[in-house]
Amino acid sequence: MFELPPLLLALAFILVGLAAYFLGRRNGAARTVRLPRDYYVGLDHLINDRFDHAAEIFARMAAADGDAAEIQFALGSLFRRRGEVDRAIAIHSRLRDHGGAGLRDKAAFALALDYQSAGLMDRAERVLEELAASREYRRAALDTLVGIYETQGDWAKALKVFHELPPAVQVERARIAAHYLCELAEYALVQGDSERARTLLRQARTHQAALPRADILSARISERAGDAAAALLLYLRALEMSPGLALEIIPAVLAIARQTGRVDMMTELSTRLRHSGRVTPRQLAWLLATAMPPADVAQLPGVTAEFGVGVQSAAEASSLGALLTRRARSAHC
């Protein structure tokens, strides 16, 4: 990683300070810049890597001088980006604990970002939860918290934060809330709690009515309850809405078809996908060729023989035919 030498960093720091004082401390026509002695002492500590002393001096300046505080925030952000999170934490901790009332929330949010960057998620969460009561930083704190919970896969906490967002934002992120609920429903299924999974899926559909993943999970619940017909309908509906889920859905559909003696299921699958308008005949042929389990591949050449409209060349038709033939042969090996 590229790192700035301490001297160059200090020079940049001086220039920022000079600019701040030059713009904010003019006295009439006179443009003489007078920096306080503590500023130079702090820079000397910084250049000589006595960071704790430098941070203490700049924190004391920040308590009495807004310009000095802004310089420290810039410096803390720089340290965080360079991976020196311990230094960033030291700066922002002092600003939060010893800075003026107007700086504390800003410093706390910066500190939470430092903790997040350092992988100290529990500390970041605590600071952000406190900031959720802040008028100015509430939205930023909640958004950051959601990101942490999503990364951790803590869908219950992510959903809780979602409900604390403004109503307009909740409407905008309704599909995300539905995703959280589906994740929780899937976990409930793993735990064997089908009733709770059903409840969570009903809640998910209040956020997003057309939800293929909810249909897939509902189909699994129906299978467990012995209702193969209901499961089949749910799987097929999910497939029509989202053909991209074919690799997950088609094997499950064909397994139910074998159990119930539905020998025409391959034809129904292809018909439903074609009528959905979401895939071309050529895409459908390749989709079936990819998604079929080995036990069912032997049926593919016959089922896809009618897809010539979607194949734009003899070579492509031959290639598809070769793929289907190879898969059919491998199924008998």
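Please read all numbers here as calculations on a predicted model, not as lab measurements.

Colleague: Is there a simple way to think about the nonpolar core in this case?
Modeller: Soluble globular proteins: nonpolar side chains tend toward being buried together. One finds L128, L131, L159, Y180, C182 and L201 to be the most contacted residues of the largest nonpolar core, which totals 42 residues. Put simply, the parts of the chain that give this core at least two residues each are α6 (101-118), α7 (121-131), α8 (138-152), α9 (155-162), α11 (174-190), α12 (194-207) and α13 (212-224). The element best represented in this core is α11, accounting for nine residues. Excluding residues within four positions of it along the chain, Y180 makes contact with V146, E150, W155, A158, L159 and F162. With 25 residues, the next largest nonpolar core counts I216, Y235, A246 and I256 among its residues.

Colleague: What exactly am I supposed to notice about helix α14 (residues 228-241) here?
Modeller: For an α-helix, the turn length of 3.6 residues means that residues three or four places apart are oriented alike. With 14 residues, α14 extends 20 Å from end C-alpha to end C-alpha; this agrees with the ideal 20 Å at 1.5 Å per step. Every buried residue of α14 is accounted for by A231, L232, L234, Y235, L236, A238 and L239.

Colleague: Help me out: how do you make sense of the environment of D105 in this one?
Modeller: Along the polypeptide, D105 turns up in helix α6. Judged by relative accessible area, D105 falls into the partly exposed class, the value being 33%. Taking the C-alpha atoms as reference points, D105 and E130, 25 residues apart in sequence, are found 9.5 Å from one another. Beyond its immediate chain neighbours, meaning those up to four positions away, D105 contacts L131, S134 and Y137. Here S134 takes part through its side chain, which lies 2.9 Å from a polar atom of the side chain of D105.

Colleague: Looking at this model, I keep getting lost on the side chain of S134. Mind explaining?
Modeller: Assignment of secondary structure puts S134 in the loop between α7 and α8. Taking the relative accessible area as the measure of exposure, S134 reaches 8% and is therefore buried. Separated by 3.2 Å, the side chain of S134 and the backbone nitrogen of Y137 make a polar contact.

Colleague: Whenever I open this one, α7 confuses me. Can you help?
Modeller: Looking only at α7, the buried set comprises A124, E125, V127, L128 and L131. Looking at the buried positions of α7, the neighbouring elements they touch are α5 (85-98), α6, α8 and α9.

Colleague: Could you clarify how one ought to interpret the packing of α13 against α14 in this entry?
Modeller: When two helices pack together, their arrangement is given by the angle between their axes and by how far apart the axes lie. Between α13 and α14, the least distance of the axes is 8 Å, while the angle of their chain directions is 165°. If you check the angle between α13 and α14, you find them roughly antiparallel. Our pair here, α13 against α14, has a crossing hand that is left-handed. Here P212, D215, I216, S218, A219, R220, S222 and E223 of α13 lie close against α14, whose contacting residues are A230, A231, L234, Y235, R237, A238 and M241.

Colleague: Sorry, what's going on with the environment of M121 here?
Modeller: Looking at where M121 falls in the secondary structure, it is placed in helix α7. Owing to a relative accessible area of 24%, M121 belongs among the partly exposed residues under this scheme. Taking the C-alpha atoms as reference, M121 lies 7.5 Å from I148; in sequence the two are 27 residues apart. Discounting chain neighbours no more than four positions away, the residues touching M121 are Q116, I148 and Q152.

Colleague: What am I meant to see in the packing of aromatic side chains here?
Modeller: The way to describe two aromatic rings as a pair is by their centre distance and the angle between their planes. Taken as a whole, this structure holds two aromatic pairs when the rule is applied. An angle of 35° between the planes, with centres 5.6 Å apart, marks the rings of F109 and Y137 as tilted. Of the two residues, F109 is situated in helix α6 and Y137 in the loop between α7 and α8; the sequence distance between them amounts to 28 residues. Across the pair, exposure class does not vary: F109 and Y137 are buried alike. Over the ring of F73 we find K106, and its NZ or CZ is 4.5 Å from the ring centre.

Colleague: Is there a simple way to explain the pattern of salt bridges in this structure?
Modeller: Side chains that carry opposite charge are capable of pairing whenever their charged atoms lie near each other. Tallying each qualifying case throughout the model produces 14 salt bridges. Of the charged contacts in the structure, one is a salt bridge between E186 and R220, with a shortest N-O distance of 3.5 Å. Residue E186 is located in helix α11, and its partner R220 is located in helix α13; the two are separated by 34 residues in the primary sequence. A network of salt bridges, in which partner residues are shared, links E183, E186, R213, R220 and E248.

Colleague: What is the right way to read the confidence of the model for the protein chain from this model?
Modeller: Interpreting fine coordinate detail is not advised for predicted regions of low pLDDT. Looking at the protein chain, pLDDT values average 78 and 67% of them are 70 or higher. Note that pLDDT drops below 50 for residues 26-33; the model gives that stretch six contacts with residues more than four away or on any other chain.

Colleague: Help me understand the packing of α6 against α7, please; the structure alone is not making it clear to me.
Modeller: Interhelical geometry of α6 versus α7 gives an angle of 155° and a closest axis separation of 8 Å. With respect to α7, the axis of α6 lies roughly antiparallel. Considering only the axes of α6 and α7, their crossing is left-handed. Contacts between α6 and α7 involve D105, A108, F109, A112, Y115 and Q116 from the former and M121, R123, A124, V127, L128 and L131 from the latter. Of the residues belonging to the contact of α6 with α7, the class tally is nine nonpolar, one polar and two charged.

The rules behind these values
Residues numbered from 1 in each chain as written. Predicted model: local features only at pLDDT ≥ 70, side-chain atom pairs only at ≥ 80, totals over all residues. Heavy atoms only, no water. Core = buried A, V, L, I, M, F, W, Y, C linked by side-chain atoms within 4.5 Å. Buried < 20%, exposed > 50% of the residue type's maximum accessible area, 1.4 Å probe, protein only. Helix = DSSP H or I, 4+ residues; strand = E, 2+ residues; numbered from the N terminus. Contact = heavy atoms within 4.5 Å. Expected span 1.5 Å × (residues − 1). Polar contact = N/O pair within 3.5 Å; in protein donor to acceptor, adjacent residues only side chain to side chain. Axes fitted to C-alpha atoms, helices over the stretch in contact; angles between N-to-C directions. Parallel < 35°, antiparallel > 145°, perpendicular 65-115°, else oblique. Left-handed = near helix turned anticlockwise from the far one by under 90°. Phe/Tyr/Trp six-rings, centres within 6.5 Å; stacked < 30°, edge-to-face > 60°. Lys NZ or Arg CZ within 6 Å of the ring centre and 35° of its normal. Salt bridge = Lys/Arg side-chain N within 4 Å of Asp/Glu carboxyl O. pLDDT = per-residue confidence, 0-100. Nonpolar A, V, L, I, M, F, W, Y, C, P; charged D, E, K, R; others polar.

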